[in-house]
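# Structure assessment
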Amino acid sequence: MPKASRKKKQKAEDFKKVKLKVGKKKAPPSNATDTSFTARAIVLSEQSIVADKSAQRTNSRNQTLRELLTQQRHYSAVTRKDAVTGLADFVSLHDDVLRSELGPIMESSVRLVVDSEPAVRRQLLKLYSDVLPGIPARDLAPFVPLAVVFVCSAMTHILDDIRADAMKFLDLLSDVTPAEVAQLSPRILPNLLSLLETNTSAPDGKCAEVSARTALLTQGSRLGIMRSCYKYLSVYTGATQAEAADPLQFMAVSDVPLTASNATVAPSLNSTGCDLYFHPDSPSPFGALGLFGEALAGGSDDPAATIRVNSRDALGRLFPFLQATWTEASAIFAASQIAVGPSLELCTAAALILQTLWRAV
């Protein structure tokens, strides 16, 4: 009996008539299809290489300038490198783009100076080396401060290879825009000197400590940084070809006019015929050099006085490093035959930096 009653109840449920009430909608049937869903379109990006860009300027791979600049911010290092390569191809095909689109090109590409991939930085350096020398300095001048910001950021980077490549970019800027780069010395000099500076303020009378950044320099990277330092210091201090041809010209600096009564002309000590002038009647014969704390000629607004003060500071900061480098590399002179190599080049670079700063002071 219980089973028969349960079957009757289930059968009654299957054929139960739903009573409709006023104000309520009729319930949908159990087999009704729900059509409340919405469909979304699937958009497939079109490949730029097959797109019709006949009305736009493109490179040999059918890429526009806008696409190339956008790809320089791609997360893939391969894509960024290809974008720089494509930009070089674009510039070679359209010479006038450097005049009309120089701003977007520089603002987008200069960020790759601190790129973590060495291949990207090398490709960017090759592009700049081919393109920037052909652009007038007045056109590049507005973008030099931005480029110097990224170069200085690269000079203080934690990775050695990025710091070494930063000096190559600084060399290039010094070649193409020397005046603009020299004016940005308050930003460049501190970062440049920090690469080669040796900490001499060791506490408790201990010997001088070499900074961690300098200690990690290999002989090759140290030589490259020293050469770049000499190049920038030459640009900043305004070293001329005439001074470079006369290694003892700086000895002719004096703080009093040269007259027959107060000057003693010593014989020339070099083959260039440079005469060394000494002034025994002057109270401070070498006061103009500011070697013993004398006030330098010129006010605070005098650019020449500023260069002398900054050069004297640079000389004090770099001298311990240059002295240590010379002591280490000068062992080559003890050999019976001096061969051209890294040690001799280090000695040459140290002497050139000292000479440049001494003349500026």
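Description of the structure in this document.

The rules we used
Residues numbered from 1 in each chain as written. Predicted model: local features only at pLDDT ≥ 70, side-chain atom pairs only at ≥ 80, totals over all residues. Heavy atoms only, no water. Helix = DSSP H or I, 4+ residues; strand = E, 2+ residues; numbered from the N terminus. Buried < 20%, exposed > 50% of the residue type's maximum accessible area, 1.4 Å probe, protein only. Areas by Shrake-Rupley, 256 points an atom, 1.4 Å probe, with all protein chains shown as cover. Polar contact = N/O pair within 3.5 Å; in protein donor to acceptor, adjacent residues only side chain to side chain. Phe/Tyr/Trp six-rings, centres within 6.5 Å; stacked < 30°, edge-to-face > 60°. Contact = heavy atoms within 4.5 Å. Axes fitted to C-alpha atoms, helices over the stretch in contact; angles between N-to-C directions. Parallel < 35°, antiparallel > 145°, perpendicular 65-115°, else oblique. Left-handed = near helix turned anticlockwise from the far one by under 90°. Nonpolar A, V, L, I, M, F, W, Y, C, P; charged D, E, K, R; others polar. Salt bridge = Lys/Arg side-chain N within 4 Å of Asp/Glu carboxyl O.

Let's shift gears to the overall build of the chain. Of regular secondary structure, the chain possesses 16 helices and two strands. Per-residue burial for the chain yields a buried fraction of 35% across its 361 residues. Carbon and sulfur atoms make up 57% of the accessible area of the chain, which totals about 22,200 Å².

Summarising the element assignment, N59 is placed in the loop between helix 1 (2–14) and helix 2 (65–71). Overall, N59 belongs to the buried group, its relative accessible area being 5%. A distance of 2.8 Å separates a polar side-chain atom of N59 from the backbone nitrogen of Q63. At a separation of 3.4 Å, a polar atom in the side chain of N59 contacts the main-chain carbonyl oxygen of G86.

A few words now on the packing of aromatic side chains. Per the counting criterion, the structure on display carries two aromatic pairs. Here the aromatic rings of Y128 and F169 are separated by 6.3 Å at their centres, their planes lie at 85°, and the arrangement is edge-to-face. Highlighted residues: Y128 in helix 6 (residues 118–131) and F169 in helix 9 (residues 160–176), separated in sequence by 41 residues. Grouping residues by exposure puts Y128 and F169 together as buried. Centroid distance Y232 to Y236: 6.4 Å. Interplanar angle 5°. Geometry classified as stacked. Taken together, the residues span about one helical turn, with Y232 and Y236 both in helix 13 (residues 219–237) at a distance of four residues.

Among the eight residues of helix 5 (residues 102–109), six are classified as buried, and the element is accordingly described as predominantly covered. Buried within helix 5 we find L102, G103, I105, M106, S108 and S109. Here the buried face of helix 5 lies against helix 2, helix 3 (77–93), helix 4 (97–100), helix 6 and helix 7 (137–140).

Between helix 8 (residues 144–155) and helix 9, the shortest axis-to-axis distance is 7 Å and the interhelical angle comes to 150°. What the angle tells us is that helix 8 and helix 9 run roughly antiparallel. In this structure, helix 8 crosses over helix 9, and the sense of that crossing is left-handed. Along its contact with helix 8, which presents A147, V148, V151, A154 and M155, the element helix 9 presents I162, R163, A166, M167, F169, L170 and L173. When its residues are assigned to classes, the contact of helix 8 with helix 9 shows eleven nonpolar, no polar and one charged.

Evaluated as defined, the whole model comprises eleven salt bridges. The shortest N-O distance in the salt bridge between D160 and R163 comes to 2.3 Å. One end of the pair, D160, and the other, R163, are both in helix 9, three residues apart, so they sit about a helical turn from each other. Take R163: its relative accessible area is 4%, and that puts it in the buried class. The structure contains a network of salt bridges with shared partners spanning R121, D161, D165 and K168.

Any functional reading would require information beyond the geometric quantities listed.
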